[in-house]
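So the chains spell out like this:
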Amino acid sequence: MVVEPKLLQPTFVLDYPIEISPLAKPHRRHSGLTVRFELFICGRKMANAFSELTDPLDQRRRLEEQVRQHNEKTAASGLNKEQENKDDDDDSYEVTLDEDFLTALEYGMPPASGMGLGIDRLVMLLTGSASIREVIAFPVLKIQQ
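Given the structure is predicted, the values throughout are model-derived calculations rather than measurements.

**Student:** Run through the packing of aromatic side chains, naming residues and quoting values.
**Tutor:** Taken as a whole and judged by the stated rule, the model has 1 aromatic pair. Both rings, one in F12 and one in F37, keep their centres 5.3 Å apart while their planes meet at 70 degrees; by these two values the pair is edge-to-face. Of this pair, F12 sits in strand β1 (residues 11-14) while F37 sits in strand β2 (residues 36-41); the two residues are 25 residues apart in sequence, bridging distant segments of the chain. Since its relative accessible area comes to 24%, F37 is described here as partly exposed. Over the face of the ring belonging to Y16 we find R36, whose NZ or CZ atom lies 4.2 Å from the ring centre.

Written out as structure tokens, the structure reads:
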């Protein structure tokens, strides 16, 4: 929130912490970081890219930690199941391990990476829109007025 508005020129933010990049490969030289970048233009995120984590044991540890943290946060907030379904915040959904994905990783996954550059974000840049909701193509996701 502090940095993004100041990124006026095209800027690549590199090497994100493992805690916020659970599917990204660990950095070769810097412990606790991942091989990931995001492109910001005019203070807005335009692209996200990372090398996929292919180590099944590391992936399981990360996802188990993510589930544990989510469950602790949900328990601390005191929400019951009925409230969870009504709320629209980060605590309102269930987080579970994707055992099929983890099993597939155990069989082997070749090195992979990718970059996502959304057309919606590009349209935001070209039209000067402040919110992605202004340009999104799906009306059910737009805020009703």
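**Student:** Explain the sheet that holds β1 residue by residue, including any values.
**Tutor:** Reading across the sheet, the 4 strands line up as β1-β2-β3-β4 and stay open at both edges, with antiparallel pairing between neighbours. Edge positions in the sheet fall to β1 and β4 (113-117), since each of these pairs with one other strand and no more. Each strand axis lies, on average, 20 degrees off the axis of its neighbour in the sheet, ignoring direction. Pairing between β1 and β2: 4 bridges, direction antiparallel.

Criteria and cut-off values
- Residues numbered from 1 in each chain as written.
- Predicted model: local features only at pLDDT ≥ 70, side-chain atom pairs only at ≥ 80, totals over all residues.
- Heavy atoms only, no water.
- Phe/Tyr/Trp six-rings, centres within 6.5 Å; stacked < 30°, edge-to-face > 60°.
- Helix = DSSP H or I, 4+ residues; strand = E, 2+ residues; numbered from the N terminus.
- Buried < 20%, exposed > 50% of the residue type's maximum accessible area, 1.4 Å probe, protein only.
- Lys NZ or Arg CZ within 6 Å of the ring centre and 35° of its normal.
- Pairing = 2+ DSSP bridges.
- Axes fitted to C-alpha atoms, helices over the stretch in contact; angles between N-to-C directions.

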